[in-house]
Amino acid sequence: MRVLRRTLGTFGTFLGVLGVLSGSVSCTAAHGDDARPGDDPPAALAPFERLLPAPASARADGPGYAVGPGTVIHTGPGPDEDVRQVGELLAEQLRGPSGLPLPVVDGPGGDGIRLRIDEEAEGVGDEGYRLESGPGGITLTARTPAGLFHAGQTLRQLLPVAGPGTVPGGTVTDRPRFAYRGAMVDIARHFFTVEQVKRYVDQLAQYKVNTLHVHLTDDQGWRLAVDSWPRLAEYGGGSEVGGGPGGYWTKDEYRELVAYAGRRYVDVVPEIDMPGHVNAALASYAELNCDGKVRERYTGIKVGFSSLCVGKERTYEFIDQVLGELAELTPGRYLHLGGDEAHSTPAADYAAFMDRAQAVVGRYGKTVVAWHQLATAQPAAGAVLQYWGHDRTPAAEKAAVVAAAKAGHPLILSPADRLYLDMKYGLATKPGQVWAGLVPVKRAYSWNPGAYLAGVPESAVLGVEAALWTETIATRGDWELMAFPRVLGLAELGWSPAASHDWASYSRRLGAQGPRLQAQDISYYRAPDVPWQ
Ligand code: ACM
């Protein structure tokens with residue numbers, strides 16, 4: 001990222017002079033300190049009009065259903081463990097805010113909330129659903145349990161933030177625009193616990209984000225236990241940016257996160273970054289270094305100075321064992337190899353290394369994801385590239401990515417000047433970086449992933465992902481301040497039909513989410529151009 005960053009040197013200096021880079025200006029967080037005296041609160045939106053992400057279609061029609069003390073959740077018609085689990089989780093999510101008992105009962109049942117699998121359901125695809133509400137109850141229909149889960153998240157938004165309420169009569173028929181709707185967290189620069197990441201999974205899943213990409217390793221720390229190379233976590237995990245204690249996840253903790261996310265239909269994509277971004281590994285094992293000398297642990301924020309030793313066979317035993325253990329922990333199809341900013345690896349070595357690393361992933365039955373620099377080497381058949389360039393990325397770099405897409409490599413789009421959640425909103429934002437520019441809420445939302453890279457058709461875009469790098473983010477508060485509300489824009493870009501794209505509509509619906517975010521104790525940034533309720 002800092003090769004590109006250098007192209008912004010002047011801008012960075014300008015901000016530095018203003019004191020922004022040193023964090024001397026504080027940011028406006030939630031709780032309304034920016035509300036202008038005398039402003040009327042914006043008019044409340046009707047339930048079908050406030051859904052975020054916007055559904056493919058929603059029609060209010062006739063009398064609705066009052067969710068009350070007698071409401072039962074029916075998971076039928078027959079017993080189905082997955083549907084039952086979706087029903088149980090929905091009950092849990094509705095009980096807190098509504099204060100209702102909401103028992104879950106197998107079988108078709110009568111009045112109440114009914115969850116139904118119908119493999120022939122029309123217009124909903126694999127992840128979509130139909131929600132029908134009328135006086136006798138609310139029926140959620142989908143082809144898959146994932147679709148039912150998403151239907152349940154829509155139902156949550158149709159009910160009040162607190163207390164029981166009536167879902168108006170009508171029908172929502174919905175399906176996602178993109179299959180991949182992701183959020184990345186970097187637990188390497190600053191360590192975060194599984195509990196914190198689970199909290200983020202809950203926050204994301206309610207907006208139909210379906211992928212959590214975890215950046216597990218970097219120069220500053222190795223965060224996942226590996227049995228065959230125990231010092232990676234035990235020693236290499238003991239550092240982080242700024243000199244804090246760091247930490248790592250045991251395999252059981254990792255499994256717990258994967259299972260927790262899985263119950264919310266969120267797939268975990270683990271990333272072991274290579275051949276660069278590996279100082280924590282080089283500090284843990286002397287034999288991984290070409291000169292056989294162990295490196296010091298690193299707590300700064302430079303990039304591009306470390307490389308695995310491409311010419312040494314031991315390196316390939318290392319990646320085979322690490323990726324083998326990782327594949328064993330990963331029910332999903334993707335392993336992310338990083339592959340970015342390998343500035344200390346000569347280009348020919350980089351290509352040779354990535355050939356072998358991709359082959360290892362293939363041998364373990366997984367599909368490669370890598371940052372878009374893999375386009376400068378030989379992406380393996382089926383490999384997915386994650387684009388993180390921005391408006392000032394050189395044309396030649398973009399062209400390599402476009403060529404890879406044309407050769408059949410699906411793209412995940414994470415433009416740094418739109419979807420890097422560690423970029424500051426404005427000059428006053430306290431945490432964050434500016435190398436890709438400032439990213440206000442409107443900018444994060446106002447672009448079209450289906451027509452973003454000239455020459456890449458929408459069909460070549462697997463989806464979108466928002467990335468939270470944590471060089472400057474060390475607390476839950478700063479994490480949430482940077483992610484919220486921009487990550488809701490990511491959710492909408494990933495799910496909602498292109499035709500629904502409209503800042504005026506989106507910003508009103510975003511404003512209507514304010515009380516929900518507040519009720520969940522999310523310390524979001526109360527952007528001044530959003531009409532917060
Ligand atoms: C990246 O930001 N280096 C992927």
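Residues numbered from 1 in each chain as written. Predicted model: local features only at pLDDT ≥ 70, side-chain atom pairs only at ≥ 80, totals over all residues. Heavy atoms only, no water.

Visitor: Would you explain the environment of Gln-321 in this entry?
Guide: Of note, Gln-321 is situated in helix H9 (residues 313-328). Taking the relative accessible area as the measure of exposure, Gln-321 reaches 33% and is therefore partly exposed. In this structure, Gln-321 is in contact with Ser-228 and Trp-229, ignoring residues within four places of it in sequence. (Helix = DSSP H or I, 4+ residues; strand = E, 2+ residues; numbered from the N terminus. Buried < 20%, exposed > 50% of the residue type's maximum accessible area, 1.4 Å probe, protein only. Contact = heavy atoms within 4.5 Å.)

Visitor: What's the story with the environment of Arg-59 in this structure? I'm lost.
Guide: As for its position among the elements, Arg-59 is in strand E1 (residues 57-60). Overall, Arg-59 belongs to the partly exposed group, its relative accessible area being 48%. Considered as a pair, Arg-59 and Ala-396 are 337 residues apart in the sequence and their alpha carbons are 47 Å apart. Excluding residues within four positions of it along the chain, Arg-59 makes contact with Phe-48, Gly-169, Gly-170 and Thr-171.

Visitor: Where do I start with H9 in this structure?
Guide: Each α-helix turn comprises 3.6 residues. Residues three or four places apart therefore point the same way. A rise of 1.5 Å per residue sets the reference length of H9, with its 16 residues, at 22 Å; its end C-alpha atoms lie 23 Å apart and thus fit the reference within 8%. Looking only at H9, the buried set comprises Thr-315, Tyr-316, Phe-318, Ile-319, Asp-320, Val-322, Leu-323, Gly-324, Glu-325, Leu-326 and Ala-327. (Expected span 1.5 Å × (residues − 1).)

Visitor: Quick question: what am I supposed to make of empty space enclosed by the protein here?
Guide: Rolling a probe over the atoms, with the probe sized like a water molecule, indicates the empty space that remains. A complete count under the given rule lists three cavities of 30 Å³ or more for this structure. Forming the boundary of the largest cavity are Trp-222, Leu-224, Ala-225, Val-226, Lys-251, Ile-272, Val-322, Glu-325, Leu-326 and Leu-329. A per-element tally of the lining of the largest cavity places H9 first, with three residues. Of the residues belonging to the lining of the largest cavity, the class tally is eight nonpolar, no polar and two charged. (1 Å grid on protein atoms, 1.4 Å probe; cavity = no way out; pocket = protein on both sides within 12 Å on 5 of 7 lines; lining within 4 Å. Points joined across faces, edges and corners; volume = space filled by probe spheres on them. Nonpolar A, V, L, I, M, F, W, Y, C, P; charged D, E, K, R; others polar.)

Visitor: Hey, could you run me through the state of the cysteines in this one?
Guide: The term disulfide refers to a covalent linkage connecting the sulfur atoms of a pair of cysteines. As enumerated under the stated definition, the model contains one disulfide in all. Shown here is the disulfide that connects Cys-290 with Cys-309, its sulfur atoms set 2.1 Å apart. Here the disulfide of Cys-290 and Cys-309 is right-handed, its torsion about the S-S bond being about 105 degrees. Of the two residues, Cys-290 is situated in the loop between helix H8 (279-284) and H9 and Cys-309 in the loop between H8 and H9; the sequence distance between them amounts to 19 residues. According to the relative accessible area criterion, Cys-290 is exposed, its value standing at 61%. (Disulfide = S-S within 2.5 Å.)

Visitor: It is not clear to me how the sheet that holds strand E9 (residues 170-174) should be interpreted in this structure. Could you clarify?
Guide: Two modes of strand pairing occur in sheets, parallel and antiparallel, and in both the strands are linked by backbone hydrogen bonds. Taken in spatial order, the seven strands of this open sheet run E1-E9-E6-E7-E5-E3-E4, and their pairing is mixed. Since the sheet does not close on itself, it has two edges, and those belong to E1 and strand E4 (104-106), each with one partner. Neighbour-to-neighbour, the strand axes of this sheet turn through a mean angle of 15 degrees, independent of strand direction. (Pairing = 2+ DSSP bridges. Axes fitted to C-alpha atoms, helices over the stretch in contact; angles between N-to-C directions.)

Visitor: Teacher, can you tell me more about the side chain of Glu-271 here?
Guide: Looking at the element boundaries, Glu-271 is found in strand E14 (residues 267-274). Leave out the neighbours within four places in its chain, and Glu-271 touches His-213, Val-214, His-215, Leu-216, Thr-217, His-336, Gly-338 and Trp-371.

Visitor: Would you take a moment to explain unusual backbone geometry for this structure?
Guide: Cis peptide bonds are those with omega within 30 degrees of zero, and the linkage from Leu-52 to Pro-53 qualifies with 0 degrees. Among the secondary structure elements, Pro-53 is positioned in the loop between helix H2 (9-17) and E1. At the junction of Met-274 and Pro-275, the peptide bond is cis and its omega measures out at -5 degrees in the coordinates. With respect to the helices and strands, Pro-275 occurs in the loop between E14 and H8. The phi angle at Lys-208 is positive, at roughly 75 degrees, despite the residue not being glycine. Summarising the element assignment, Lys-208 is placed in the loop between helix H5 (194-205) and strand E11 (211-215). A relative accessible area of 2% means that Lys-208 is categorised as buried. A positive phi angle, close to 45 degrees, is found at Glu-341, a residue other than glycine. Among the structural elements, Glu-341 can be located in the loop between strand E15 (334-338) and helix H10 (347-363).

Visitor: Even after reading the chapter, I still don't get the confidence of the model for the protein chain, so can you show me in this structure?
Guide: If pLDDT is low for a region, its predicted coordinates should not be looked at in detail. Looking at the protein chain as a whole, its pLDDT mean stands at 93, while 93% of the residues score no less than 70. Confidence drops under pLDDT 50 across residues 1-35; counting only partners more than four residues distant or on other chains, this segment forms 68 contacts. (pLDDT = per-residue confidence, 0-100.)

Visitor: Just to check I follow, could you spell out the packing of H5 against helix H14 (residues 476-483) for this structure?
Guide: Angle between the axes and distance between the axes: these two values describe a pair of packed helices. Close contact between H5 and H14 brings their axes to 12 Å; oriented N to C, the two are set at 25 degrees. Considering the angle they form, H5 stands roughly parallel to H14. Helix-helix and strand crossings are classified by hand; for H5 and H14 the assignment is right-handed. Between H5 and H14, the contacting residues are Gln-196, Val-197, Arg-199, Tyr-200 and Gln-203 on the first element and Arg-476, Trp-479, Glu-480 and Ala-483 on the second. A breakdown of the residues in the contact of H5 with H14 according to their chemical character gives four nonpolar, two polar and three charged. (Parallel < 35°, antiparallel > 145°, perpendicular 65-115°, else oblique. Left-handed = near helix turned anticlockwise from the far one by under 90°.)

Visitor: Could you clarify how one ought to interpret the nonpolar core in this entry?
Guide: A general tendency of soluble globular proteins is for nonpolar side chains to be buried together. Core analysis: the largest hydrophobic core is formed by 140 residues, its most contacted members being Tyr-200, Leu-212, Trp-222, Trp-249, Phe-318 and Ile-319. Once you skip the residues sitting within four places of it in the chain, Tyr-200 turns out to touch Ala-183, Val-185, Leu-212, Leu-421, Trp-479, Ala-483, Phe-484 and Val-487. Within the second largest apolar cluster, 12 residues are counted, among which are Tyr-420, Met-423, Trp-435 and Ala-436. (Core = buried A, V, L, I, M, F, W, Y, C linked by side-chain atoms within 4.5 Å.)

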